[in-house]
Amino acid sequence: IMGIIKLAFVSLKKDMSKSIFYFLTFLLTTIFIFSFFNLTFNPYSGIHLGKDDTTFVTPIAVFVIVIAMLCVFLANNFYVSNKGKEISIILMSGASIYQLGFYLFLQVFIIMLCAIPLGLILGYLLIPTINSLFMMTFKYSGQLFYLSSQTFPATFMILAFEVMWCSMLNLGYCVRSTINSMIHDKNKIDISGLKGPQITSKVFIVFYFVPMFLFLFVKDSTSYMFIALFGLIGISGLIKKVLPEFIRKRQRNNSLENSEDLIALGFFHSDIQKIFGLLLISLLSSVLLTCMIVYTIKQPLVSMVALMSYVSVMILMSLTIVFKIGMELSKRKGNFENLCRLGFSLGQLKRIIKKEMICFYGVILLLPLSYQIIILCNLLLRAKITFYLFLTILIIQIVPLLISYLLSMKLYKGILPTSIIMEK
């Protein structure tokens, strides 16, 4: 047992950068869940969560908390599945599945032990800021540091579920994975197991563009949400089927003309395939939370809660995307070293990275924006929303992803094999 404990601490220290991103995911999730529960349980805020809710707050709460939990599960997936080689070595050394499960649980527990208390403290310190915002916007007459007696039990219940479920996923990963598959990173933690129906590319393109046309004629805010859900089928098909087919066709036609585009598109193709589930959740959150804000526009208090939820979800999703990009860097380092030996210069490698990241973040940003801008412009022209709200929603969508793009570029350029280039 002591050897497993020592090994867990050594692994945490060795993978410090990955552990920090995992820590930040837990930290932000804890802050968000704590702040959200304290706000909705505050009787002075005028929000009623649960059976007495006559507004749209409870569905919003359920949706954003589920998204926050999914971010934790995805981060756990990225973190643990990236440890395949060291897990296989421990198995070959004679450790049992239960010892291996304890090894993974210990690492996750140590990170949570640091992240959760700090998240609760920061969440408590944010209470006066949130209440002050409500005081400026609405008639809030409560205490600035009001802490509901229900906040801690509700927060701990969600966090305990996260810890339990992450532990079960990690143990299941160890049980299902063979040593060979973990060494070659062929086995991943599967939290869905579901496959969608087989639809042609043309049908997906139609599913994507039809909602844009329908948005122009919608006058009832409720309809935006249902039409957007229909459109998300098209968006998922664009990412999973249409884009890969386009990339393969482009690579075949231009493979000898532009080697940089060929490699950048190959990396981009790999990115969207490996991160498909996360991309779909990000797009779903962006479009549906925008629709929720619009739907509750006649209830300013509820609309403000939806807007704050939108900010939190976008920050969490952006961090999770950067985390996944960071997990892939160690695998890409060998690819870049091989490209250097083939004669690629440092400038060419930087251009490849830039093209890949522009394509990747362009898809994440532009697909939901194509719906959001049409919806918001339609509402703005009919004076249903203010230009301030129009601009706020776009900023919430763009800024976290822009910061995520810059962080990814910084992390990516850190693995460039400059020593090999200098030797040449």
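Everything quoted here is computed from the prediction, not taken from an experiment.

Asker: If you had to explain the packing of helix H13 (residues 346-381) against helix H14 (residues 387-413) to someone new, which residues and values would you point to?
Answerer: In the contact formed by H13 and H14, the axes pass within 11 Å of each other and the chain directions differ by 175°. Overall, the two elements H13 and H14 adopt an arrangement that is roughly antiparallel. Along the lines of polarity and charge, the residues of the contact of H13 with H14 split into 21 nonpolar, 4 polar and 2 charged.

Asker: Explain the environment of Met 168 to me, and be specific about the residues and the numbers.
Answerer: Position of Met 168 relative to the elements: it lies in helix H6 (residues 151-176). Residue classification places Met 168 among the partly exposed residues on the basis of a relative accessible area of 47%. The spacing of Met 168 and Phe 105 is 63 residues in sequence and 9.3 Å in space, taken between C-alpha atoms.

Asker: Quick one: what's the story with the nonpolar core, residue by residue and with numbers?
Answerer: Grouped together as the largest cluster of nonpolar side chains are 134 residues, with contacts concentrated most on Ile 239, Phe 336, Met 357, Phe 360 and Tyr 361. The element that contributes the greatest number of residues to this core is helix H12 (residues 300-341), accounting for 19 residues.

Asker: How would you explain the pattern of salt bridges if you had to name every residue and give the values?
Answerer: The full count for this structure, using the stated rule, is 4 salt bridges. Of the charged contacts in the structure, one is a salt bridge between Lys 355 and Glu 260, with a shortest N-O distance of 3.5 Å. Taken together, the residues Lys 355 in helix H13 and Glu 260 in helix H10 (residues 259-274) connect sequence positions 95 residues apart. Note that Lys 355 and Asp 261 form a salt bridge whose closest N and O atoms lie 2.8 Å from each other. Here Asp 261 lies in helix H10 and Lys 355 lies in helix H13, a separation of 94 residues in the sequence. When its relative accessible area of 28% is taken as the criterion, Lys 355 is described as partly exposed.

Asker: Residues and numbers for H10, please.
Answerer: Taking 1.5 Å per residue as the helical rise, H10 with its 16 residues ought to reach 22 Å, and the 23 Å between its terminal C-alpha atoms agrees with that figure. For H10, the set of buried residues is Glu 260, Ile 263, Ala 264, Leu 265, Phe 267, Phe 268, His 269, Asp 271 and Ile 272.

Asker: Account for the side chain of Gln 107, naming residues and giving values.
Answerer: You can see Gln 107 is positioned in helix H5 (residues 97-137). Discounting residues that sit within four places of it in the chain, Gln 107 has contacts with Ala 8, Ser 11, Leu 12, Tyr 79, Lys 83 and Glu 86.

What counts as what
- Residues numbered from 1 in each chain as written.
- Predicted model: local features only at pLDDT ≥ 70, side-chain atom pairs only at ≥ 80, totals over all residues.
- Heavy atoms only, no water.
- Axes fitted to C-alpha atoms, helices over the stretch in contact; angles between N-to-C directions.
- Helix = DSSP H or I, 4+ residues; strand = E, 2+ residues; numbered from the N terminus.
- Parallel < 35°, antiparallel > 145°, perpendicular 65-115°, else oblique.
- Nonpolar A, V, L, I, M, F, W, Y, C, P; charged D, E, K, R; others polar.
- Buried < 20%, exposed > 50% of the residue type's maximum accessible area, 1.4 Å probe, protein only.
- Core = buried A, V, L, I, M, F, W, Y, C linked by side-chain atoms within 4.5 Å.
- Salt bridge = Lys/Arg side-chain N within 4 Å of Asp/Glu carboxyl O.
- Expected span 1.5 Å × (residues − 1).
- Contact = heavy atoms within 4.5 Å.

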